[in-house]
Amino acid sequence: MPHDASEAAGATHDGAMETRGLEPVPDAERTGRVRELFPTWVAANISVLLLTMGAGLIVFNGLNFWQVLTVAIAAPVLSYGIVGLISIAGKRGGAPGMALSRAVFGQRGNLFPGALIWVARWGWETINAVTGAYAVLTVLDLLFGVQSNTLLIVVTLLLFVTCTFLVSGLGINALRVCSKWSTYLFGAFSVLVLAYLVANTDWSAVFDKPAGSTAMMVAGIGTIAAGGISWVPSGPDFTRYLPRTASSRAMVGSTVGGAGIVVLPMVLMGAVMAVSTPDLASAQDPVSFIGELLPMWISVPYLVIALLGMLLINSMSMYSAGFTAQTLGIKVSRAAAVSVNAVISLIFGFLLMVVATSFIGSFISFLTLLAVAFSAWIGVFGVDMLRRRTYDAVALMDTTRSSAYWYRGGFAWQAMTAWAAALLVGLLFTRVDWFSGPLASSWIGENGLGWAATIVVAGVLYAVLPRTTAEAPVEPVEPVESAEVRDTVSV
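Just so it is clear, the model here is predicted, and its values are computed rather than measured.

1. Quick notes on the environment of T324
Alright, step 1. Positionally, T324 belongs in helix 14 (residues 296–327).
Alright, step 2. With near-sequence residues (within four places) excluded, T324 lies in contact with M98, G114 and W118.

Here it is as structure tokens:
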């Protein structure tokens, strides 16, 4: 991957195509600002699926309005708090999350969690592509009365995935610009939708609904939080252009704030809609209900803006997936790696729209398994972050035996052991439509806390095992300024 001075400089100016791959960003080129994280994480959550999930809290979990409010606050604070904390590694090492992961698992060992996370992203990108295609189909139906058919499904999927590929291929600056404007537009129309719901909702029916069980509320927090958990390994990808002296506290705050300002109202709106339209929670098409519940002058522009949001979500996911593919040793550019995910999401998306019988069931099952898969990595990487303040840029990119991160045979066995054991434990407590672990009926399983148990087991086991030592002296490329250390400690 070329990365001479002219290209690197171009990667840090708005509108320029990013050419940098896995290689860490030199300090002189880290010109990003913490406030840019806010619209980034707003854009990462602009999805009408949050409406469907909010409805599910009412219909399936049996919660009342106040319990849904608790879930809608707790879930983004918990999940995106973790995203923000792990993002600190990005400013320390200046590299994507799965590249930094080489320092934890070893050059060969990192292939295992990396491969699992890469495959998991296929599912996430498929879900978003399908939702985007449904949004296009709904707009066509509302405006022109065009009914969905197999050919139209293929065309809309292809259009959505192609646009996703183009935006993600441009790189981080294009994502920043799109995120900023989608934040403004989506925020304005969300206020409009809220005003309509306030004026047209039977609020007595909303507030008279009895409370559900605490177990279902905790499980609901886990379901909503799973979406945020899936972004944790990608967190450093969006902070690697920040200077080392960037405030860690501000990074976490911007991440949580950007996500929360979308998740909270969207989940609540879905819950309110479900009181009068309970079928919303189980609809095969998770988008068309918007056209049924809202007048056309609101629903069409709202869907178009939401479509832009879902395009950005997928672009961000593919942007990170390109890095993950490169860490697996696939000798292609980031754009070429992204194209692989684009093709996969197109194929799987077609199967989900044409063959699958339950979209929302497949989605919730996928989120549950996704959270467990990512949580094993989070526990190990998070504990390593508590011990590590710098990353060796040369060792990160050196995949030979001479790398300081080669450890023993290319593996850090302590990290691998903790990761594998935690992954197994998490699956034991997990229940989805097509799989049920032997401990799924336990308190942890019934409360949907398999992902939390995975993080705890991974972190504790990695902490108590003997520390991994490098086979060669590891020296940071540049000294870390004391301000960075102070910021980190303050989190």
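The rest of the description comes next.
2. A few points about the pattern of salt bridges
Alright, step 1. Following the criterion strictly, the structure yields 4 salt bridges and no others.
Alright, step 2. A salt bridge links R30 to D27, with the nearest nitrogen and oxygen atoms 3.6 Å apart.
Alright, step 3. Residue classification places D27 among the partly exposed positions, given a relative accessible area of 23%.
Alright, step 4. Its salt-bridge partner being R244, residue D27 comes within 2.9 Å of it at the nearest N-O pair. Remark: R244 occurs in the loop between helix 11 (214–229) and helix 12 (248–276) and D27 occurs in the loop between helix 1 (5–10) and helix 2 (37–43); sequence separation between them is 217 residues.
Alright, step 5. What emerges from the salt-bridge pattern is a single network uniting D27, R30 and R244.

3. Quick word on unusual backbone geometry
Alright, step 1. Of note, the phi angle at Y407 is positive, near 55 degrees, even though the residue is not glycine.
Alright, step 2. Turning to its location among the elements, Y407 is positioned in the loop between helix 17 (393–397) and helix 18 (413–428).
Alright, step 3. For Y407, a relative accessible area of 5% gives the class buried.

4. As for the environment of I221
Alright, step 1. Its location among the elements puts I221 in helix 11.
Alright, step 2. Here I221 falls in the buried class, since its relative accessible area comes to 17%.
Alright, step 3. With 226 residues separating them along the chain, I221 and N447 place their C-alpha atoms 9.5 Å apart.
Alright, step 4. Excluding its chain neighbours within four sequence positions, the residues that come into contact with I221 are V71, A74, A75 and L78.

5. Some details on helix 4 (residues 65–93)
Alright, step 1. An ideal rise of 1.5 Å per residue puts 42 Å on 29 residues; helix 4 measures up with 43 Å between its terminal C-alpha atoms.
Alright, step 2. Of all 29 residues in helix 4, 21 are buried; the element is thus mostly enclosed.
Alright, step 3. Here helix 4 starts with a cap whose side-chain oxygen sits 3.3 Å from the backbone nitrogen of W66, and that cap is N64.
Alright, step 4. Positive backbone phi, at 65 degrees, marks G94, one or two positions downstream of helix 4.

6. Describing the packing of helix 18 against helix 20 (residues 450–464)
Alright, step 1. It is the contact of helix 18 with helix 20, at a shortest axis distance of 8 Å, that shows an interaxial angle of 155 degrees. The orientation of helix 18 relative to helix 20 falls into the category roughly antiparallel. For the crossing formed where helix 18 meets helix 20, the hand is right-handed. Listed contacts from helix 20 to Q414, A415, T417, A418, A421, A422, L423, V425 and G426 of helix 18 are G450, T454, V457, A458, L461 and Y462.
Alright, step 2. Here the contact of helix 18 with helix 20 is composed, by residue class, of 10 nonpolar, 5 polar and no charged.

7. Focus on the nonpolar core
Alright, step 1. The biggest cluster of nonpolar side chains holds 136 residues, and the ones touching the most others in it are W41, W231, F363, W377, V380, F381 and Y391.
Alright, step 2. Top contributing element to this core by residue count: helix 16 (residues 359–387), with 17 residues.
Alright, step 3. When residues no more than four places from it in sequence are discounted, the contact partners of W377 are I86, G97, M98, S101, F105, P113, I117, V232, P233 and W419.

8. Here's the deal with a nonpolar patch on the surface
Alright, step 1. Judged by side-chain polarity, V343, I347, F348, L351, V354 and V355 come together as a nonpolar surface patch covering roughly 510 Å² of accessible area.
Alright, step 2. In this fold, V343 is placed in helix 15 (residues 334–354).

Parameters at a glance
Each chain carries its own residue numbering, running from 1 in the written order of its sequence. Totals for whole chains, interfaces and linings use every residue, but because this is a predicted model, local features are given only for residues with pLDDT of at least 70 and side-chain atom pairs only at 80 or more, for both listing and counting. Water and hydrogen atoms play no part in the side-chain values, which are based on all heavy atoms of the structure. Only DSSP runs of H or I reaching four residues or more are called helices, and only runs of E reaching two or more are called strands; each is numbered from the N terminus. Any two residues having at least one pair of non-hydrogen atoms within 4.5 Å are treated as being in contact. Only one rule defines a salt bridge in this text: a Lys or Arg side-chain nitrogen within 4 Å of an Asp or Glu carboxyl oxygen. The buried label goes to any residue with under 20% of its type's maximum accessible area, the exposed label to any with over 50%, and the partly exposed label to all in between, with areas taken from a 1.4 Å probe on protein chains only. Given the number of residues in a helix, its expected span is that number minus one, multiplied by 1.5 Å. What qualifies as a polar contact is a pair of N or O atoms within 3.5 Å, subject to a donor-acceptor requirement within protein and to the restriction that residues adjacent in sequence count only when both atoms come from side chains. For helices, the fitted axis covers only the stretch in contact; all axes are lines through C-alpha atoms, and the angles between them, taken along N-to-C directions, range from 0 to 180 degrees. Here the word oblique covers every angle except those under 35 degrees (roughly parallel), over 145 (roughly antiparallel) and from 65 to 115 (roughly perpendicular). By definition, turning the near helix anticlockwise from the far helix through less than a right angle yields a left-handed crossing, and turning it clockwise yields a right-handed one. Note on residue classes: Ala, Val, Leu, Ile, Met, Phe, Trp, Tyr, Cys and Pro are nonpolar, Asp, Glu, Lys and Arg are charged, and everything else, Gly too, is polar. The definition of a nonpolar core used throughout is a set of buried Ala, Val, Leu, Ile, Met, Phe, Trp, Tyr and Cys residues joined through side-chain atoms within 4.5 Å. Candidate patch residues must exceed 30% relative accessible area and have no salt bridge, after which like charges are joined if within 9 Å and Val, Leu, Ile, Met, Phe, Trp or Tyr side chains if within 5 Å. Accessibility throughout is a Shrake-Rupley quantity obtained with a 1.4 Å probe, and a residue counts as covered only by protein chains that appear here.

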